[in-house]
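# Observations on the model geometry
Take a look at the letters that make up each chain.
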Amino acid sequence: MPELPEVETIVADLRPHLIGRTVVRAELRFPSIVRHPEPEMFVDSITGLRIEAVGRRGKFILVALDGARLLVVHLGMSGQLRLVDSAAEITNHTHVMLDLDDGRQLRYRDPRRFGRLLLGTEEELLTSGTLPKLGPEPIDPSFDAEELYKRFRRRRASLKSLLLDQAMVAGVGNIYADESLHRAKLRPDRAAGSLSRKSVRRLHESMRDSLELAIKNRGSSVDTYRDAWGETGNQQEKLLVYGRAGEPCFTCGRPLSIVRIAGRSTVFCRRCQR
Ligand SMILES: [Zn+2]
């Protein structure tokens with residue numbers, strides 16, 4: 001599933017190409033991928049709108065349009081948002097096509113269909129519950145270790161489950177939760193409230209390092225992730241633990257363990273992570 005670094009890569013690539021463009025036509029080939037408003041309303045409302053900004057919040061892509069409206073894209077498990085020439089062949093599982101006034105098309109493709117598109121004002125989307133309330137951005141300079149410490153305090157839930165909770169910190173999923181905990185030398189099943197300030201500081205820094213390194217390497221294509229041009233990222237070759245269960249830990253050589261925490265497979269080193 002695309003996480004913060006993958007979504008950030010797409011957003012940064014699309015931004016200079018989308019700002020100032022107008023959506024001249026919209027086509028839904030799989031209408032129920034749009035969760036708000038009704039699909040016919042979506043097509044009518046988005047047509048003629050100009051793109052003013054392109055941003056990210058957690059794993060959500062936010063395209064700001066005229067009239068304070070937002071086009072929100074969540075890639076789910078296998079979603080891909082691509083910018084192509086409108087004459088390009090339409091591949092399988094292309095569910096949404098937005099024609100832009102420069103002859104290009106923004107296409108949403110999603111084989112597993114767990115993704116979603118929303119259109120509305122931020123308030124409307126929050127009120128309808130289609131856009132959830134999200135926690136702070138882990139790479140935002142204003143989010144410091146003390147804030148994370150406060151959020152963890154007295155929590156009995158495991159570190160892994162809290163890192164995956166989008167209301168706790170936004171944008172971290174299975175890959176970067178495991179990577180961050182390994183870098184911080186912390187066991188994923190430890191109760192979050194048991195951490196000292198010093199350990200939380202280490203985790204805060206490790207999380208930032210894991211995410212920023214992955215952004216630098218254009219994300220991890222461990223599954224179906226592709227950037228806005230259809231290319232794979234490079235971070236998958238550099239992951240320390242994710243996808244490496246049974247392989248030797250890069251630090252101590254012991255085979256990495258795999259357990260299930262919060263319903264998700266979790267890879268870690270029993271010797272290095274305490
Ligand atoms: Zn180890």
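Before reading on, note that the structure itself is shown above.
### Some words on unusual backbone geometry
Each neighbour pair has its own omega, and for His-36 with Pro-37 the value is -10 degrees, a cis peptide bond. Within the secondary structure, Pro-37 is located in the loop between strand E2 (34-36) and helix H2 (39-46). Look at Arg-113: it is not a glycine, yet its phi comes out positive at around 60 degrees. As for its position among the elements, Arg-113 is in the loop between strand E8 (104-109) and strand E9 (116-121). Arg-113 sits in the partly exposed class, given a relative accessible area of 40%.

### Focus on the pairing of strand E11 (residues 264-268)
Relative to E11, strand E10 (residues 257-261) runs antiparallel, the two being bridged by five bridges. Residue pairing for E11: Ile-258 is matched across the bridge by Val-267. Hairpin geometry of E10 and E11 is characterised by an intervening segment of two residues between the two adjacent antiparallel strands and by a positive phi of about 55 degrees at Ala-262.

### Points about the sheet that holds strand E6 (residues 80-85)
If you walk across this open sheet you meet the four strands as E1-E7-E8-E6, and the pairing is antiparallel. Edge strands, defined here as strands with exactly one partner in the open sheet, are strand E1 (23-28) and E6. Ignoring which end each strand starts from, the neighbouring axes of this sheet average 20 degrees apart. Running over the sheet, H2 touches E1 and strand E7 (94-100) and is turned about 165 degrees from E1.

### Description of the nonpolar core
Among the nonpolar cores identified, the biggest contains 32 residues, and Ile-46, Ile-61, Leu-71 and Leu-117 are the most heavily contacted of them. Considering every element that reaches this core, the biggest residue donor is helix H1 (residues 4-18), with five residues. When neighbours within four sequence positions are excluded, Ile-61 is seen to be in contact with Val-7, Ile-10, Val-11, Gly-55, Leu-71, Val-72, Val-73, Leu-75 and Leu-81. Formed by 26 residues, the second largest nonpolar core is a distinct cluster that contains Phe-152, Ile-175, Tyr-176 and Leu-239.

### A short note on the coordination of the zinc ion
Around the zinc ion, the donor atoms from the protein are Cys-249 (SG), Cys-252 (SG), Cys-269 (SG) and Cys-272 (SG), and they sit 2.3 to 2.4 Å away. One can describe the site at the zinc ion as tetrahedral: its four donor atoms subtend angles covering 98 to 115 degrees at the metal. For the zinc ion, the single-chain donor residues occur in sequence as C-x2-C-x16-C-x2-C. Here Cys-269 lies in the segment after E11 and Cys-252 lies in the loop between helix H7 (197-216) and E10, a separation of 17 residues in the sequence. Note on Cys-252: relative accessible area 27%, which makes it partly exposed. Look at Cys-269 and you get buried, because its relative accessible area is 0%.

### A closer look at H2
Structural remark: α-helix, 3.6 residues per turn; residues separated by three or four positions point the same way. Along H2, the residues classified as buried are Pro-39, Phe-42 and Ile-46. Looking down the long axis of H2, one finds its buried residues gathered within 50 degrees of arc, a one-sided arrangement. Pointing more than 90 degrees away from the buried face of H2 are the exposed residues Glu-40, Met-41 and Asp-44. Positive backbone phi, at 95 degrees, marks Gly-48, one or two positions downstream of H2.

Definitions and limits used
Residues numbered from 1 in each chain as written. Predicted model: local features only at pLDDT ≥ 70, side-chain atom pairs only at ≥ 80, totals over all residues. Heavy atoms only, no water. Helix = DSSP H or I, 4+ residues; strand = E, 2+ residues; numbered from the N terminus. Buried < 20%, exposed > 50% of the residue type's maximum accessible area, 1.4 Å probe, protein only. Pairing = 2+ DSSP bridges. Axes fitted to C-alpha atoms, helices over the stretch in contact; angles between N-to-C directions. Contact = heavy atoms within 4.5 Å. Core = buried A, V, L, I, M, F, W, Y, C linked by side-chain atoms within 4.5 Å. Donors = N, O, S within 2.8 Å, 3.2 Å for Na, K, Ca; no water. Tetrahedral: all angles 85-135°; square planar, octahedral: opposite > 155°, others 65-115°. Arc of directions from axis to C-beta.

Purely geometric numbers; function is a separate question.
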